[in-house]
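Reading the structure
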Amino acid sequence: MPALDDPTATFQKFDRDGDGYITREEFTLAMNALGEEVTAAELDSIFKVSDEHDGDVDGRISLAEFLVAWNK
Ligand SMILES: [Ca+2]
Ligand SMILES: [Ca+2]
């Protein structure tokens, strides 16, 4: 992850449609915008680890899940 100061602001940038969740598509677009390539396997592992933190495992990353992943 890039070392940015404000994870909440970063989350809001990743969440393009502003619905409060980052989808795999949004995550990929955001990383590409940062000049990072993300493979399907990387997405799988990021979403598997992050998505389980709030127990919903809905295939999307909420702000709370994002903050946990960020602070690892
Ligand atoms: Ca979204
Ligand atoms: Ca989730």
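The residue numbers shown here count from 1 along each chain, following its written sequence. Labels are handed out in written order, letters beginning with A for the chains and numbers beginning with 1 for the ligands. Two thresholds apply to this predicted model, a pLDDT of at least 70 for residue-level local features and 80 or more for giving and counting side-chain atom pairs, whereas whole-chain, interface and lining totals are computed over all residues. Excluded from the side-chain calculations are hydrogens and water; all other atoms, namely the structure's heavy atoms, are used.

Per an unreviewed UniProt entry, the recorded name for the chain is EF-hand domain-containing protein, and the organism is Nonomuraea turkmeniaca.

On to the side chain of glutamate 26, then. A run of DSSP states H or I qualifies as a helix once it reaches four residues; a run of E qualifies as a strand once it reaches two. Both are numbered from the N-terminal end. The residue glutamate 26 is located in helix α2 (residues 24–33) in this model. Buried glutamate 26, no salt bridge; nearest opposite-charge side chain is arginine 16, N-O distance 6.8 Å. Leaving out residues up to four positions away in the same chain, glutamate 26 has contacts with Phe14, Asp15, Arg16, Asp17 and Tyr21. Any residue under 20% of the maximum accessible area for its type is buried, any over 50% is exposed, and the rest in between are partly exposed; the area is computed with a 1.4 Å probe on protein chains only. Counted as positive: Lys and Arg. Counted as negative: Asp and Glu. His and the chain ends are not counted at all. Basic side-chain nitrogens of Lys or Arg form a salt bridge, by our definition, when they fall within 4 Å of a carboxyl oxygen of Asp or Glu. Two residues form a contact once any of their heavy atoms are found within 4.5 Å.

On to helix α4 (residues 63–70), then. If you check which residues of α4 are buried, you get Glu65, Phe66, Ala69 and Trp70. Summarising the axial view, the buried residues of α4 lie within an arc of 135 degrees, below the 170-degree limit, and thus occupy one face. At its buried positions, α4 is contacted by α1 (7–14), β1 (21–22), α3 (40–51) and β2 (61–62). The directions considered for the arc are those from the helix axis to the C-beta atoms.

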